[in-house]
Each structure stands twice: as structure tokens, then as C-alpha cells.
Amino acid sequence: TVTDVDHNSRVIIGRNSEITAAEKVTIGSANMIEDVNITGKNKFWKGDAAAGGGVGIGGSFNYQNFDTNSLVLVGAGAAIEGGDIAIASDNGIFHVGAMLSAGKSDGSAITGMVGMTEGDSVNIVSVDDEARLTATADATGSGGIEISATNDTSATNATVAVAASGDNAAVGMGVAIN
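Residues numbered from 1 in each chain as written. Predicted model: local features only at pLDDT ≥ 70, side-chain atom pairs only at ≥ 80, totals over all residues. Heavy atoms only, no water.

A.B. asks: Please give an account of the overall build of the protein chain that cites residues and values.
C.D. replies: For the protein chain, the count of helices and strands is zero helices and ten strands. Each helix and strand of the protein chain, ordered N terminal to C terminal, gives the series β-β-β-β-β-β-β-β-β-β. Residue burial in the protein chain is summarised as follows: out of 178 residues, 33% are buried. Considering only contacts within the protein chain whose residues lie at least 6 apart along the sequence, 84% involve residues at least 24 apart. Working note: accessible area of the protein chain is about 9800 Å², and carbon and sulfur atoms make up 50% of it. (Helix = DSSP H or I, 4+ residues; strand = E, 2+ residues; numbered from the N terminus. Buried < 20%, exposed > 50% of the residue type's maximum accessible area, 1.4 Å probe, protein only. Contact = heavy atoms within 4.5 Å. Areas by Shrake-Rupley, 256 points an atom, 1.4 Å probe, with all protein chains shown as cover.)

Written out as C-alpha cells, the structure reads:
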């Protein structure tokens, strides 16, 4: 299995733009990738399958690439006014991968697998030094400015390789790289 996912989101407040609100102004860009991937044999072998002589061979390959990019840009001369101002960029990646492989023979059995997960998560919040952010206190007394960028990534891979042989050699190997 090969999976390649690219998520991009952006919010751009252009030069000399004006945003005015009586209460809270929220500007945000967010990406979330959620993935569960199972590769290989989900039954190690059929119980009623006859294993003949020779070599039983099994193998699995699983490659996952996840890229997320979020951008919030407030341009030169832009003016944002509100009770509270929140500007945020958020990325999340949640991945669970299971790779299974099996080989069965009355002779020799060989099985192996490779599982690899990689990716990038880039968050940028940029407020130009010539932009104007004005938070005004409302009746509750609030009037703050919050600028944030967060990455939340969880990647878990599990590999299981089983080789069964009669009276001869059985070899199994699994590799997972995050």
C-alpha cells in the first residue's frame, strides 16, 4: 500500500483590508488528517489449506506520507478591530498502521514486511508589522489578542510477521519506521 496525502489551507487578509466586529474576531486555518491503514493478510492462512512442499513466501509493504500546511497571513496596512481577536493556525495528524504478513509450507517458510510513515506539518501565522490589531474591552471587560500555531501529531505502526513450516526452517521479519 502506498498513500500520499497533501493538505493545504490558507487565510490571507490582504493589504489595507479592514475587519471590524462588535465582539470577537476569529481568523483561522486548520488541517486534520485521520488515517487507519491495514496492509497484508488479515488471516495468517486458511485452516483447511493444504501446505505443499517447497517454500512458503509472504510479504507486505506499507508507505504513508502525510503533509499538512496551514497559513494565516495579515498583510501590511490591514486593520482588524473587535472585542477579542484570535488568529490561529492548527494542524493535526493521527495515523495508525498495521502490517501483516505470513508464509506457510511443509518445506521452508519465509515472510517479511516493511512499514514506513513520514510527513511534514508546517504552521505559519504572520502578522505584518504595518498591520493594526485593536482589541476593545466589551461589557465583560475582555479585550485580548491571541496569536497561536499548533501541531498535534500521533503516528503508530505495528508489524506482525508469521512463518510456519513443517520440520524445516521458518523465518519472519518486520520493520516499522516512523
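After that view, the rundown keeps rolling.
A.B. asks: Explain the sheet that holds strand β8 (residues 132-135) residue by residue, including any values.
C.D. replies: What the three strands build is an open sheet, ordered β2-β5-β8; its pairing is parallel. Each of the sheet's edge strands pairs with one partner strand only, and the pair in question is β2 (18-20) and β8. Across this sheet, the average inter-strand angle for adjacent strands is 5°, counted without regard to direction. As judged from the four bridges shared by strand β5 (residues 79-82) and β8, these two strands associate in the parallel manner. Across the sheet, the residue bridging to Ile-80 is Leu-133, located in β8. (Pairing = 2+ DSSP bridges. Axes fitted to C-alpha atoms, helices over the stretch in contact; angles between N-to-C directions.)

A.B. asks: Requested: an account of the environment of His-95, with residues and values cited.
C.D. replies: Its place among the elements puts His-95 in strand β6 (residues 85-105). What makes His-95 buried here is its relative accessible area of 0%. For the pair His-95 and Ser-154, spaced 59 residues apart in sequence, the C-alpha separation works out to 6.2 Å. Side chain to side chain, His-95 and Asp-35 meet in a polar contact 2.6 Å long. (Polar contact = N/O pair within 3.5 Å; in protein donor to acceptor, adjacent residues only side chain to side chain.)

A.B. asks: I'd love a proper account of the environment of Ala-78, names of residues and values included.
C.D. replies: Residue position: Ala-78 is located in the loop between β4 (55-74) and β5. Taking relative accessible area as the criterion, Ala-78 reaches 1% and is therefore assigned buried. Sequence-distant contacts of Ala-78, defined by excluding residues within four places in its chain, comprise Ile-13, Gly-14, Asn-16, Ser-17, Ala-131 and Arg-132.

A.B. asks: Describe the nonpolar core, listing the residues and the values that go with them.
C.D. replies: Formed by Ile-13, Val-25, Ile-27, Val-72, Val-74, Ala-78, Ile-80, Ile-85, Ile-87 and Ala-131, the largest nonpolar core amounts to ten residues. The set of elements that each furnish at least two residues to this core consists of β3 (25-40), β4 and β6. For Val-25, the residues in contact, after removing those within four places along its chain, are Ile-19, Ile-80, Glu-81, Gly-82, Asp-84, Ile-85 and Ala-86. (Core = buried A, V, L, I, M, F, W, Y, C linked by side-chain atoms within 4.5 Å.)

A.B. asks: Describe a negative patch on the surface, listing the residues and the values that go with them.
C.D. replies: A cluster of acidic residues, Asp-4, Asp-6, Glu-118 and Asp-120, forms a negative patch on the protein surface. Tracing the sequence through the fold places Asp-6 in strand β1 (residues 2-13). Residue classification places Asp-6 among the partly exposed residues on the basis of a relative accessible area of 49%. (Patch = residues over 30% accessible without salt bridge, like charges linked within 9 Å, V, L, I, M, F, W, Y side chains within 5 Å. Salt bridge = Lys/Arg side-chain N within 4 Å of Asp/Glu carboxyl O. Lys, Arg positive; Asp, Glu negative; His and termini not counted. Charge placed at Lys NZ, Arg CZ, Asp CG, Glu CD.)

A.B. asks: Got a sec to walk through the side chain of Ser-70? Specific residues and values, please.
C.D. replies: Residue placement: Ser-70 occurs in strand β4. The exposure class assigned to Ser-70 is buried, which follows from its relative accessible area of 2%. Of note is the side chain of Ser-70, whose polar atom sits 3.4 Å from the side chain of Ser-9. Looking at Ser-70, its side chain comes within polar contact range of the side chain of Asn-31, at 3.1 Å. Setting aside anything within four residues of it in sequence, one finds Ser-70 in contact with Ser-9, Ser-29, Ala-30, Asn-31, Ser-89, Asp-90, Asn-91, Val-122, Asn-123 and Ile-124.

So yeah, pure geometry; function would need other evidence.
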